[in-house]
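This is what each chain is made of:
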Amino acid sequence: MDIVNQLQRQYVDFLSSLYREGLLDDQFLQIQKLQDESNPDFVNEVVTLFFEDSEKLLHNLAIALSVDQQHVDYQKVDACVHQFKGSSSSIGAQRVRNICVSFRTCYDAKNLEGCLRCLQQVKDEYYLVKNKLQTLFRLEQQIVAAGGAIPIMG
Amino acid sequence: MGLKLQGHHMLAVKLNDQSGTKRKYTFINRVWLPKILWLWILSTIFVSRVIYNRMNADNKERRDEVLVSMCDQRARMLQDQFSVSVNHVHALAVLVSTFHYYKNPSAIDQETFAEYTARTAFERPLLSGVAYAQRVVDSEREQFEKLHGWTIRTMEREPSPIRDEYAPVIFSQETVSYIESLDMMSGEEDRENILRARATGKAVLTSPFRLLGSHHLGVVLTFPVYKFKLGSNPSLAQRIEATAGYIGGAFDVESLVENLLGQLAGNQAIVVNVYDITNSSDPLIMYGHENQDSDISLERVSMLNFGDPYRKHQMTCRYLKKAPTPWTAITTAFLFFVIGLLVGYMTYGGAIHIVKVEDDFHEMQLLKVRAEAADVAKSQFLATLSHEIRTPMNGILGMLALLLDTDLSSTQRDYGQTAQACGKALITLINEVLDRAKIEAGKLELEAVPFDIRSILDDVLSLFSEKSRHKGIELAVFVSDKVPEMVMGDPGRFRQVITNLVGNSVKFTEQGHVLVQVHLANHAETLMKTKADSFINGDSEGVVLSGGNRFSTLSGREVAEDMHSWKTFKNLILDEESQYLDSQRASTADEAFQNVKLMVSVEDTGIGIPLGAQERVFTPFMQADSSTSRNYGGTGIGLSISKCLVELMGGRINFISHPQIGSTFSFTASFRRCQKNANGDMIKPHSADLPVAFKGLKAILVDEKKIRATITRYQLKRLGILVEVVNNIRTVLSNSGSKNGSPDMILIEKDSWLSGENDCFDIRLLEWKQHGHMVNLPKIILLATNITSTEFEKAKAAGFADTVIMKPLRATMVAACLQQVMGTEKKAQHERDMINASAFLRSLLCGKKILVVDDIRVNRRVAAGALKKFGASVECAESGKDALALLQLPHNFDACFMDIQMPEMDGFEATRLIRMLESKANEQINGGNDVEGTAKGGKWHLPILAMTADVIHATYEECLKCGMDGYVSKPFDEKSLYQAVAKFFEPRSTADS
């Protein structure tokens, strides 16, 4: 039981550090709340969806903004960023969402340089949050494997 | 700031417009005004001048005429007299010829001639004398001289030199005897005269010269005397031949004219000159002074005919004095000018005044517009500013709330809480200022939605219940039965006014009570009148009640307005009850009255308002005195807002207050009646319906204060409980045994319980319990405003184990307590559900089929997860098109959650298309009278809720515009979901599902 307790504490600490650093916000909490017996894998499912979508979007963005292209398709950029913003805010990936907002001001101004910078930032933030979430899930799995319950925050 | 500038600009434009239109109706042209004045003055001068000229000309003409007539008259007279004299000389000539030549010897000698002429001198007043000169040829001179005895002499009285002819005077009048023997032909004038006279045979005149005797100017008249009668047309030679001599007379023209003029009027005024103008280039003066001062401007010349065709004479007349200054003309013209000037100036002054007044008027208008604009601008500014402050304030408050939720040390928590309290106070103030500014800017519009007055009052009560309990004052609400259950109006504003009044009352009341009453306004007014009458009759009730309280009010304390004393109150209620039947009967007629006017009064027993401060109670930011805000806080804007709101609601607010006794604020407000019958489904009230589980239960209320009892009964009545009021516990005990229908509960006021009879009651209670009346035993409930823990213990010990209901009483609260006591489990479950939002949400959504439309997978999943959690079955669509495909009629979804921003077809577009489909289908149903849709109310209408991350109002309006029913802010949370969904779905109890 010691291991479980330790893992649980670790989990709580880790999760609260995510909140503290602003990587995640309340929305993630809401999603966690939605997970119950009838829907035991909800968070994982949603987050996985988010990863898949995000990587596709990042890929599309990278193509749309690739340097050799003379004419940048800002409409496509808009669609991608909008989707990215929507999904990241649904998941509660706050910092990703915030960069999407500033991304938007860049492509509204047709500022290619700014867009590229934002793209880089979004990528960084996305991989950061992905990393963290994956760590979180690993912790969860460990807890479950150790026979403990995932502690609920808030 | 930009907004403000823009506002100013608009203001300026507005002002310009106004001034532009204003100039148009100025009927006096200010630029032309002085010019017109000058023109007028000039024309006045001109007209005066014309008048003067005309009058002057008239004068001159008249003067001229006078002169002409005078001159002519004088000339004629002179001529007449002259010719008379000439005739006489002629007669003398005839006489000489007749008696000197035709008779032989001559009948005339010097003596005879002198006598005759002297005697006939009156006939010739103009002639100084006459003489006869004989023609003597030189050859006859010697003989002549011998005959007469003297030699012929010249005018110089010397012997005449030898000439061809001589004309020595032989006869002479005595006056001129000095010329006897003088040769008339020796004088140049006379000689010429003589020659002319004998040539023409007529009287001839000399040019004027100084006469010898008088030195007056005169002329000599010469007449020829012929020796025999001449033929009809004698030649010159014949005439010379026949000439015998010459008769001559000297005319003293000067004295002649002098005499003549002396006889005539107006002699002094004119100067008369007589000229001989034979030689026209050199007129010789015969009379008058050539250089005499006279008016040379006007002259009349009259021709004179003295009978000598050779000589021409004329008379010139002039006025002696210059024409007198025409004072009449001058005065008249001047007066005219002055009058004209005055009239002109007065008109000008008037016009100037009008212009000035007009200018002032315009200026005032401008200022007025400006002032109004400034007022509006101020209010707008306030509104904007307040709004702008409110937004960040909400953030601050939210963050503070979050902060307080975190792990804080006690000091930090204290700081945080203080900050939060301050922030809340600030935002309340800002909201109030915003309200007031909105009202002033005319932006506040009242809603007209149906609402339940009683539940509003319950809300207000619950708001202050904590505070009143804490202070130990009794807070109560009474709504008259006549007040309709539902009215149309603005519940928020109504609540705001009451909250403000009650808040004030609670704030300023330290002990006693605060009572809110709602009656129909006209009903209360009529009662007030009758009450006033009864007061005059000395019928006022100063009953000392058993509790030692002197006044029959709710708490027994004196109140400002004794309208609420028991007697009036009783009348009010009794009247209501008696009229109840009437009103039932007349209900159909009553329905016709669309408006219902309520009178709400809030009575307290607080510190009252100082008399001096009473008149500025409704002025914004005015509190009774400065110490008030120190002691009680607040800004003093609330009442002014309340006043505005009440006026907006078509009512009036006023108050009666006595310092240290209390205040009673009352206001009226008009509402529309709700049309219950209009559509079968009654509009849902804002608050949850009261539970109906207690209908028909019987209760006994023990209370010695009638007002309080009435209020308690009112609250219980709302739950459907039949209440019997008794004065004391003893009565209950005596009644309860005998009555077959035993009460379900006994409610006892704390006062009544403490009033000393409790012991026996306690015993009876114990008896009851021991007798095993367990089944039928009524629940015993204590009602208390505040209760100490020892009292509570005592009460429990005394058998009030059941419960203590803390005042203020509210129907819902009472219901909750009763449920607890009565142990109605199922209902309690239901009640809990109502309170627990998520459970309620579950009850709403359970079993519902919901379509979620979003292009983002994650969002779809989350939304679906959230909805599924509450028991809904969810289907998803990726785009607007897919959603349309799924929503083909007849669809089997209960609701649709639609993302707005989607590629290809956005949420608005999709909704619009869905609504179009629905309306087509509805038309078909209505038109074709189809069998299918009727069960569903004949209308397809799928609730569509927007899911959006923006929460700005504009988006919301757009949502409504395209046919959506509401919106849920994304990401989902329970609260907003609940708010959005609650409108559309009937709660379904979870037990059923």
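Cut-off values and rules
- Residues numbered from 1 in each chain as written.
- Chains lettered and ligands numbered in written order.
- Predicted model: local features only at pLDDT ≥ 70, side-chain atom pairs only at ≥ 80, totals over all residues.
- Heavy atoms only, no water.
- Patch = residues over 30% accessible without salt bridge, like charges linked within 9 Å, V, L, I, M, F, W, Y side chains within 5 Å.
- Areas by Shrake-Rupley, 256 points an atom, 1.4 Å probe, with all protein chains shown as cover.
- Salt bridge = Lys/Arg side-chain N within 4 Å of Asp/Glu carboxyl O.
- Helix = DSSP H or I, 4+ residues; strand = E, 2+ residues; numbered from the N terminus.
- Buried < 20%, exposed > 50% of the residue type's maximum accessible area, 1.4 Å probe, protein only.
- Lys, Arg positive; Asp, Glu negative; His and termini not counted.
- Charge placed at Lys NZ, Arg CZ, Asp CG, Glu CD.
- Pairing = 2+ DSSP bridges.
- Axes fitted to C-alpha atoms, helices over the stretch in contact; angles between N-to-C directions.
- Contact = heavy atoms within 4.5 Å.
- Disulfide = S-S within 2.5 Å.
- Phe/Tyr/Trp six-rings, centres within 6.5 Å; stacked < 30°, edge-to-face > 60°.
- Lys NZ or Arg CZ within 6 Å of the ring centre and 35° of its normal.
- 1 Å grid on protein atoms, 1.4 Å probe; cavity = no way out; pocket = protein on both sides within 12 Å on 5 of 7 lines; lining within 4 Å.
- Points joined across faces, edges and corners; volume = space filled by probe spheres on them.
- Nonpolar A, V, L, I, M, F, W, Y, C, P; charged D, E, K, R; others polar.
- Polar contact = N/O pair within 3.5 Å; in protein donor to acceptor, adjacent residues only side chain to side chain.
- Buried area = accessible area lost by both parts, 1.4 Å probe.
- pLDDT = per-residue confidence, 0-100.
- Parallel < 35°, antiparallel > 145°, perpendicular 65-115°, else oblique.
- Left-handed = near helix turned anticlockwise from the far one by under 90°.

**Student:** Quick one: what's the story with a nonpolar patch on the surface, residue by residue and with numbers?
**Tutor:** Residues and elements named next belong to chain B. On the surface, W40, L335, I339 and V343 cluster together into a nonpolar patch covering about 380 Å² of accessible area. It is helix α8 (residues 327-405) that contributes the most residues to the nonpolar patch, three residues altogether. One can find I339 in helix α8. Looking at I339, the relative accessible area reads 52%, which means it is exposed.

**Student:** An account of a negative patch on the surface is needed here, citing residue identities and associated values.
**Tutor:** All names here are of chain B. Side chains of D58, E61, D64 and E65 sit close together on the surface and give a patch of like negative charge. With respect to the helices and strands, the residue D58 is situated in helix α2 (residues 32-102). When its relative accessible area of 40% is taken as the criterion, D58 is described as partly exposed.

**Student:** Give a description of the sheet that holds strand β12 (residues 313-319) of chain B that names residues and reports values.
**Tutor:** Residues and elements named next belong to chain B. The sheet built from four strands is open, its strands ordered β10-β9-β12-β11 with antiparallel pairing. Each having just a single partner strand, β10 (284-287) and β11 (299-304) make up the two edges of the open sheet. Each strand axis lies, on average, 30 degrees off the axis of its neighbour in the sheet, ignoring direction. Strands in contact with α2 are β9 (270-276), β11 and β12; relative to β11, the strand with the most contacts, it is inclined by about 25 degrees.

**Student:** Outline the state of the cysteines, listing residues and values.
**Tutor:** Residue and element names in this part refer to chain B. Considering all chains together, one arrives at one disulfide over all chains under this definition. The disulfide bridge from C71 ends at C317, spanning 2.2 Å between sulfur atoms. Where C71 bonds to C317 through sulfur, the torsion about that S-S bond is close to 80 degrees, and the disulfide is right-handed. With C71 in helix α2 and C317 in strand β12, this pair connects stretches of sequence that are 246 residues apart. C317 sits in the buried class, given a relative accessible area of 0%.

**Student:** Requested: an account of the packing of aromatic side chains, with residues and values cited.
**Tutor:** All names here are of chain B. Using the criterion set out here, one finds 19 aromatic pairs over all chains in the structure. Ring centres of Y132 and F171 lie 5.8 Å apart, and the angle between their planes is 25 degrees; this geometry places the pair in the stacked category. Of this pair, Y132 sits in strand β1 (residues 127-134) while F171 is found in strand β4 (residues 169-172), placing the two residues 39 residues apart along the sequence. Given the relative accessible area of 0%, Y132 is considered buried. Here the basic side chain of K35 rests over the ring of W32, its NZ or CZ set 4.8 Å away from the ring centre.

**Student:** Quick one: what's the story with empty space enclosed by the protein, residue by residue and with numbers?
**Tutor:** Residues and elements named next belong to chain B. A full pass over the atoms with the stated rule returns three cavities of 30 Å³ or more. Roughly 70 Å³ of internal volume is contained in the second largest cavity. For the second largest cavity, the full set of lining residues is E474, L475, A476, V477, R708, I711, T712, Q715, K807, P808 and L809. Elements represented by at least two residues in the lining of the second largest cavity include exactly β14 (474-479) and α17 (706-718). Broken down by class, the residue content of the lining of the second largest cavity amounts to six nonpolar, two polar and three charged.

**Student:** Before we move on, can you summarise the side chain of R141(B) with the specific residues and values?
**Tutor:** Residues and elements named next belong to chain B. Of note, R141 is situated in helix α4 (residues 141-148). A distance of 2.9 Å separates a polar side-chain atom of R141 from the backbone oxygen of S160. When near neighbours in sequence (up to four residues on either side) are disregarded, R141 contacts V136, I152, S160, P161, I162 and Y166.

**Student:** Break down the interface of chain A and chain B for me, with residues and values.
**Tutor:** Listed per partner, the contact involves 21 residues of chain A and 14 residues of chain B. When chain A packs against chain B, close to 1,800 Å² is buried across both sides, 56% of that on carbon and sulfur atoms. When the area that chain A buries against chain B is broken down by residue, the three leading residues are L34(A), L49(A) and H82(A), summing to 27%. The tally of links between chain A and chain B comes to three salt bridges. Here R857(B) ties to E52(A) by a salt bridge, and the two come within 3.0 Å at their closest N and O atoms. Applying the counting criterion to the chain A and chain B interface returns five residue pairs in polar contact (both at pLDDT 80 or more). Those elements giving two or more residues to the side of chain A that touches chain B turn out to be α2 (26-34), α3 (42-64) and α4 (74-91) of chain A. Across the side of chain A that touches chain B, the residue classes break down as seven nonpolar, nine polar and five charged.

**Student:** Quick rundown of the confidence of the model for chain B? Include the residues and the values.
**Tutor:** Residues and elements named next belong to chain B. Taken as a whole, chain B shows an average pLDDT of 75; of its residues, 75% reach a score of 70 or greater. Throughout residues 1-25 the model reports pLDDT below 50, and contacts reaching past four residues in sequence, or to other chains, amount to 17 contacts. On the interface metric, ipTM, the complex scores 0.85, and its pTM is 0.43.

**Student:** For unusual backbone geometry, give the residues involved together with the corresponding values.
**Tutor:** Residue and element names in this part refer to chain B. Phi angles above zero are rare outside glycine, and S181 is one such case at about 70 degrees. Relative to the assigned elements, S181 resides in the loop between β4 and α5 (188-200). On the basis of relative accessible area, S181 is assigned to the buried category, the value being 5%. We note that Q660 has phi near 70 degrees; this positive angle belongs to a residue other than glycine.

**Student:** Pulling in residues and values, what's your account of the pattern of salt bridges?
**Tutor:** All names here are of chain A. One pass over the structure, following the stated rule, counts 26 salt bridges over all chains. Among the salt bridges present, the one from E55 reaches K130, with a minimum N-O distance of 2.6 Å. Placement of E55 in helix α3 and of K130 in helix α6 (residues 112-145) is noted, with a sequence separation of 75 residues between them. With a relative accessible area of 32%, E55 lands in the partly exposed category. Look at K130 and you get buried, because its relative accessible area is 15%.

**Student:** An account of the packing of α3(A) against α4(A) is requested, with residue identities and associated values reported.
**Tutor:** All names here are of chain A. Where α3 contacts α4, the two axes come as close as 10 Å, and the packing angle between them is 160 degrees. Here α4 runs roughly antiparallel to α3, going by the angle between their axes. For α3 against α4, the interelement crossing comes out left-handed. Contacts between α3 and α4 involve V46, V47, F50, S54, L57, L58, N60, L61 and A64 from the first element and V77, C80, V81, Q83, F84, S87, S88 and I91 from the second. Considered class by class, the residues forming the contact of α3 with α4 number 12 nonpolar, five polar and no charged.

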